[in-house]
Amino acid sequence: VQTFKDSVFSTTSTSYADINVEALSGSTQGGKKAYVYAKNIDATDDLIFADDGDQIFSRLAPGEFFFYPTADNTKIQVKSSANTPTVEFLLLEVD
């Protein structure tokens, strides 16, 4: 089974906003699995991404994106370096 979730939203620099990875509540061969695409569509400010343990794993400058597989998180957190930039994301669930 494959499902997906996509969205565009603004975030602030004061606290993390959660991208809830509902897909990861399922199991694939004994584990959780999803693919995540995120893009910083702001023209000025960086986006900071952290896992559900608050460990920063990526910082995207304006216009940058990432695509990666994940199997360990129930949410991905994002905040900005300043102001309220916008993040675009796509979450692909594999179960």
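Residues numbered from 1 in each chain as written. Predicted model: local features only at pLDDT ≥ 70, side-chain atom pairs only at ≥ 80, totals over all residues. Heavy atoms only, no water.

### What about the overall build of the protein chain?
1) Next: In terms of regular secondary structure, the protein chain is built from 0 helices and 8 strands.
2) Next: Written out in order from the N terminus, the α and β elements of the protein chain read β-β-β-β-β-β-β-β.
3) Next: Out of the 95 residues in the protein chain, the part that is buried amounts to 36%.
4) Next: Expressed as a percentage of contacts within the protein chain between residues at least 6 apart in sequence, the contacts between residues at least 24 apart total 73%.
5) Next: As displayed, the protein chain has an accessible area near 5,200 Å², and 48% of this comes from carbon and sulfur atoms. (Helix = DSSP H or I, 4+ residues; strand = E, 2+ residues; numbered from the N terminus. Buried < 20%, exposed > 50% of the residue type's maximum accessible area, 1.4 Å probe, protein only. Contact = heavy atoms within 4.5 Å. Areas by Shrake-Rupley, 256 points an atom, 1.4 Å probe, with all protein chains shown as cover.)

### Brief notes about the confidence of the model for the protein chain
1) Next: Per-residue confidence for the protein chain gives a mean pLDDT of 77; residues scoring 70 or more make up 68%.
2) Next: Taken element by element, the predicted model of the protein chain shows its lowest mean pLDDT in strand β1 (residues 2-10) (55) and its highest in strand β5 (residues 56-60) (93). (pLDDT = per-residue confidence, 0-100.)

### Describing the pattern of salt bridges
1) Next: Under the counting rule described, the total for this entry stands at 1 salt bridge.
2) Next: Put simply, Arg59 and Asp46 hold a salt bridge, and the shortest N to O gap is 2.9 Å. Residue Arg59 is located in strand β5, and its partner Asp46 is located in the loop between β3 (34-40) and β4 (47-50); the two are separated by 13 residues in the primary sequence. (Salt bridge = Lys/Arg side-chain N within 4 Å of Asp/Glu carboxyl O.)

### Considerations on the side chain of Ser80
1) Next: Relative to the assigned elements, Ser80 resides in strand β7 (residues 75-80).
2) Next: Within the structure, the side chain of Ser80 is placed 3.1 Å from the backbone oxygen of Ala82, a separation counted as a polar contact.
3) Next: Looking at Ser80, its side chain comes within polar contact range of the main-chain oxygen of Asn83, at 3.1 Å. (Polar contact = N/O pair within 3.5 Å; in protein donor to acceptor, adjacent residues only side chain to side chain.)

### Notes on the environment of Ala71
1) Next: Within the secondary structure, Ala71 is located in the loop between β6 (65-70) and β7.
2) Next: Judged by its relative accessible area of 35%, Ala71 is partly exposed.
3) Next: Here the alpha-carbon distance between Ala71 and Tyr35, two residues 36 residues apart in the chain, equals 8.6 Å.

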